[in-house]
Amino acid sequence: MTGTGEAGARGAPAGSVDRSGAPSAGPLRPLTLPELRRFEFTNGLRLIVAEDHQLPEVSLRLVLEAGATAEPRGQEGVAELTGRLLTEGAAGRSAGEVASWLDRLGAGFSVSAGYDVSILSLHTLSDVLEGALDFLAAVARHPSFEPAEVERVRGERLDEIDRDLDRPEVVADSALIRAVYGGHRYGTPAAGDRPTVERLGREQVAAFHRRRYGPSGAALVACGAVDAAALRDAVEARFGDWTGGEAFPSDGAPGAIGAPVPGSVLLVDRPSSAQAEIRLGTVGAAYADAAFFELLVGNAILGGLFNSRVNMNLREERGWTYGARTSFHFRREAGPFVGQTAVETGVAAEALSEFLRETAQLLEEAPGEDEMELARNSLVLSLPRQFETASQVSSKLVTQVVYDLPNDYWARYRARIEAVTASGVLEALRGHLDPAEMAQVVVGDAGALEGDLEGRFGDVDVRAGAGRA
Amino acid sequence: MHSDSVRFDFEERVLDNGLRVILHQDRSTPVVAVHLMYHVGSKNERPGRTGFAHLFEHLLFQGSGHVPKGEHFRLIQRAGGTLNGSTWFDRTNYFEVIPSNELDLALWLESDRMGFFDEAITQEKLDNQRGVVKNERRQSYENRPYGLAFETLLEHAYPEGHPYRHPTIGYMDDLDAASLEDVHAFFRSYYAPNNAVLVLAGDIDPDEALDRARAYFEEFPSRSVPAPPVVPRVGDERGERRAVLGDAVQVPRVYALFHAPSFNDADFEASDVLTGVLAEGKSSRLHRKLVYERQVAAEVQCFTWPLESVGMLIVVATARPGVAATDLEAEVLDVLGPVCDAGVSEDELTGARNRARRSLVSRLNSVGDRADAFADAVILRDDPEYVNRAFDRYEAVTADEVARVAANVLRPARRTVLHVVPRGADAEGRAA
């Protein structure tokens, strides 16, 4: 954009712009990262505050060392069930009373039990912040876990697990992580699966809460229209005497990540499917991986952007799919690398083969400068719009807490990405991906798919879609 | 700041060619949202060409006079931006959210496709995106459990020939039938500057941004646009409609669509608040009764769509295993009956209003969301100030209004009921 001189004059003549090529950018206005206030209470609870008074809203997230990897063996799914039960009766109020309390506040509350941590998220208008904090303290610290409520919610959870079998994308995801991780905790959905959820009861849930919900290792992140000092006092009043929970590390045993599986195709039958859901994957990388930034850039080129290789090939050239993408799920341990697409049944075998070919090709030769620039820029220049709202900022701060990132992490992010080279990307991808060892999953109409897949990939392991009536 | 004082300042300008421009400044983040909304959607489609407005939206990302295929996405992503488009019954939108120093890039791309799209479209691009859209239909509708429920509901709720009778995604045969001729005709008819609004929201200087908008857009002449489709009112005489759909699912779902106030109706906010009382949060009527007490439903939803010319209030209840669709429907109607007859309590209303206020704030907290809201307010209501006025409107909803809307809307003659049942089961959901 030019200055306010000429271009600022009213009535710029029609057709005055040069349309022949993309206009050049004006000077970049730097992003000002939010200023953080950090507090720590005597019981170990940390409070991190980013004030932003643009809008009268507050995003609170309580991060607890209560993720799926902290679950005792044989109790997979207890973190999720515990999270769901927090609001089903707490601090002397019944489930119905807790529901009315929240709904009258008008706040939004949710619990997410991931592999690494559990996060209690509360979004509220700032004029009812005190009441919202009362609510948060009650459900985090004093859930009642009434036996009848545990029974009911476990039943709902089991029904949900069964209903998920109707969803081809969920079936495909589950089959893939099982194939990649086997008995490691990452091989089972974070929310658990039927065989263990069905055995969970009040005792396990209460024990998990007692051991894992506590101030030690926990952090409360607050962003938005708050006064940091006042919030500090308000949090201390409600959480200062919080005890319980055990120090990290956990008594959970996520298991060992096994040797890579030789590439093979698993075909899950879903008769009369309108499409084939395709996944390929392998053990990827941890958040702390030395090649983290190279992998981010490499993934953007392969399948992280609209203009990535797999999407341009399968969607924009061939029109076989609504979209194709890849991602590294960075976690405390090495989470999966996943490639995914859904294509019309008749081209499924060819699409899977193209997906593998694109992956292999990126491991052959370092990407060109054009692709490198696109990938790097899309990662660093997008930062401002990732720090726009209170809830975006709070989720960035959660990432910082969970992966123990340095305080200047986001300030240095740009330089870290810009230092990534094409040869560095090649080396990092070669060190983490091997197309010959990728697990491959297709969920669809086996009758229509099996022949094509066998023709291209040899042995295909065909399974009935589980649990379908 | 107190939540009563939320306000988003803006200026409205109209260019010489009729393009409306909304300028909203917020310099807190160096980001700008460029949002172009055209007043055309699936309700403008002609018979035999359902899905065309949405297919056309895809084509608009395939390059234009000065922009080669693939470049639109590449340039915006390389600038650190995000972009997309969406099509709905009444409107189609295109947006970029980018670092504010790249405002010109987004204006160049949007203006190029408004002015020079049809010289760049080819049969090959059409066929490619037809394939993509057919796979979108397969992925998001046909292969998704209950994915065909909404189109089935529309087919029964509206009479033959009604503009809201078909889904935005369209039917496969019609997607196959779309021709390059259709593409050119649709572009000429609807993609005129005087049929659109451009919203620039975020880190801008409003005067400067307006000048840039004029430089990029004002040269395209205004032209006549087809008259909006006639949308017949669906009255009580249509009576209750019922349908059953078999699907690859394990448990039945009950859908009830009620003809309700449109987005332009003075009762829209009361109708929206009614949905909050019925099914928002675990203390809501439907959730408490069906999920918690009776345990006949796994989940229940109720919502209303902000549509220009018709209104729909929709209830969706998913059965617990072993509960038949007919029984679940009876349970749903048992909850709706007393609301229809006696309205809602002050206490319920207070909660619903508080939730609406919070959700208004959280739906307007990014410049992209605000740009979208301004565009909707201009295109659907001809009133950009509605973005701010909505706060007062929701605050002012009374229990009497909700009771009146409930009594008008939640009646048998205004509803279409659909049971989605496991394939091979009978209408009660019992396995054959």
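As the structure is a prediction and not an experimental result, all values here were calculated from the model.

Chemist: Tell me about the pairing of strand 1 (residues 11-14) of chain B, and name the residues and values.
Modeler: All names here are of chain B. Note: strand 1 against strand 2 (residues 20-25), 4 bridges, orientation antiparallel. Looking across to strand 2, one finds that Glu12 is bridged to Ile22. In this structure, the hairpin formed by strand 1 and strand 2 is closed by a connection of 5 residues, where Gly18 is found at a positive phi of approximately 90 degrees.

Chemist: I'd like to hear about the packing of helix 9 (residues 292-304) of chain A against helix 12 (residues 369-380) of chain A, residue by residue, with values.
Modeler: Residue and element names in this part refer to chain A. Two elements in contact, helix 9 and helix 12, have axes whose closest approach is 9 Å; the angle formed by their N-to-C orientations is 115 degrees. Between helix 9 and helix 12, the angle falls in the class roughly perpendicular. In this structure, helix 9 meets helix 12 at a crossing whose hand is right-handed. Facing helix 9, whose interface residues are Leu296, Val297, Ala300 and Ile301, helix 12 presents Glu371, Met372, Ala375, Arg376 and Leu379. Among the residues making up the contact of helix 9 with helix 12, the classes are represented as 7 nonpolar, no polar and 2 charged.

Chemist: Residues and numbers for the sheet that holds strand 1 (residues 36-40) of chain A, please.
Modeler: One open sheet accounts for 6 strands, arranged 1-2-6-3-5-4 (chain A); its pairing is mixed. For this open sheet the edge positions go to strand 1 and strand 4 (108-113) of chain A, each flanked by a neighbour on one side alone. Neighbour-to-neighbour, the strand axes of the sheet open up by a mean angle of 15 degrees, direction not taken into account. Direction of pairing for strand 3 (residues 57-64) of chain A relative to strand 5 (residues 118-125) of chain A: antiparallel, over a ladder of 8 bridges. From the neighbouring strand, A:Leu60 faces strand 5 of chain A, where its bridge partner is A:Leu122. Strands strand 3, strand 4 and strand 5 of chain A of the sheet are contacted by helix 12 (residues 346-362) of chain B, whose axis makes an angle of about 105 degrees with strand 5 of chain A.

Chemist: Account for helix 2 (residues 71-78) of chain B, with residues named and values stated.
Modeler: Burial of helix 2 of chain B is extensive: 7 of the 8 residues sit out of reach of the surface. Those residues of helix 2 of chain B that are buried lie in contact with helix 12 of chain A together with strand 4 (82-87), strand 5 (92-99) and helix 3 (103-116) of chain B. Looking at the residues trailing helix 2 of chain B, positive phi occurs at B:Gly80, about 85 degrees.

Chemist: How would you explain unusual backbone geometry if you had to name every residue and give the values?
Modeler: In this model, A:Phe145 sits at a positive phi of 50 degrees, which is unusual for a non-glycine residue. One can find A:Phe145 in the loop between helix 3 (129-141) and helix 4 (147-164). The class for A:Phe145 is buried, based on a relative accessible area of 3%. Here B:Gln295, not a glycine, exhibits a phi torsion of approximately 55 degrees, which is positive. For B:Gln295, the location among the structural elements is in the loop between helix 10 (285-293) and strand 9 (297-304). Accessibility expressed as a relative area gives 35% for B:Gln295, which makes it partly exposed.

Chemist: Could you give an account of the domain arrangement of chain A, with specific residues and numbers?
Modeler: Residue and element names in this part refer to chain A. Its domain assignment divides chain A into domain 1 (36-239) and domain 2 (265-463). In this complex, domain 1 contributes 32 residues to the contact, which on the side of domain 2 involves 33 residues. For the interface between domain 1 and domain 2, the tally reads 2 salt bridges. Taken together, domain 1 and domain 2 are joined by 14 residue pairs in polar contact (both at pLDDT 80 or more). Contributions of two or more residues to the side of domain 1 that touches domain 2 are made by strand 1, strand 2 (46-51), strand 3, helix 5 (168-181) and strand 6 (219-224).

Chemist: Go over the sheet that holds strand 11 (residues 415-422) of chain B with me, naming the residues and quoting the values.
Modeler: Residues and elements named next belong to chain B. Spatial ordering of the open sheet is given by 7-11-8-10-9, a layout of 5 strands whose pairing is mixed. Only two strands of the sheet have a single partner each, and these edge strands are strand 7 (241-247) and strand 9. In this sheet, adjacent strand axes meet at a mean angle of 15 degrees when their direction is disregarded. Pairing of strand 8 (residues 253-259) with strand 10 (residues 312-319) involves 7 bridges; the strand directions are antiparallel. The residue of strand 10 that forms the bridge with Ala256 is Val315. Across the face of the sheet, helix 9 (residues 268-279) comes into contact with strand 9 and strand 10 while running at roughly 170 degrees to strand 9.

Chemist: Could you give an account of the environment of A:Arg152, naming the residues involved and the relevant values?
Modeler: Residue placement: A:Arg152 occurs in helix 4. Judged by relative accessible area, which is 7%, A:Arg152 ranks as buried. Spatially, the C-alpha atom of A:Arg152 lies 47 Å from that of A:Leu381, the residues being 229 residues apart in sequence. Contacts of A:Arg152, omitting those with residues within four sequence positions, involve A:Glu88, B:Tyr292 and B:Gln295. Polar side-chain contacts of A:Arg152 include one of 2.5 Å to the side chain of A:Glu88.

Chemist: Can you tell me about the interface of chain B and chain A, naming the residues and giving the values?
Modeler: Counting residues at the interface gives 92 residues for chain B, matched by 92 residues for chain A. In total, chain B and chain A occlude about 7,700 Å² of area from one another, counting both sides; carbon and sulfur atoms represent 52% of this. Looking only at chain B, the three residues that lose the most surface to chain A are B:Asn143, B:Gln250 and B:Arg358, adding up to 10% of its buried area. Two residues, A:Glu373 and B:Arg78, come together in a salt bridge whose shortest N-O distance is 3.6 Å. Across the chain B-chain A interface, the total number found is 43 residue pairs in polar contact (both at pLDDT 80 or more). Grouping the constituent residues of the side of chain B that touches chain A by class yields 30 nonpolar, 33 polar and 29 charged.

What counts and how
Residues numbered from 1 in each chain as written. Chains lettered and ligands numbered in written order. Predicted model: local features only at pLDDT ≥ 70, side-chain atom pairs only at ≥ 80, totals over all residues. Heavy atoms only, no water. Pairing = 2+ DSSP bridges. Helix = DSSP H or I, 4+ residues; strand = E, 2+ residues; numbered from the N terminus. Axes fitted to C-alpha atoms, helices over the stretch in contact; angles between N-to-C directions. Parallel < 35°, antiparallel > 145°, perpendicular 65-115°, else oblique. Left-handed = near helix turned anticlockwise from the far one by under 90°. Contact = heavy atoms within 4.5 Å. Nonpolar A, V, L, I, M, F, W, Y, C, P; charged D, E, K, R; others polar. Buried < 20%, exposed > 50% of the residue type's maximum accessible area, 1.4 Å probe, protein only. Domains from an automatic or database assignment. Salt bridge = Lys/Arg side-chain N within 4 Å of Asp/Glu carboxyl O. Polar contact = N/O pair within 3.5 Å; in protein donor to acceptor, adjacent residues only side chain to side chain. Buried area = accessible area lost by both parts, 1.4 Å probe.

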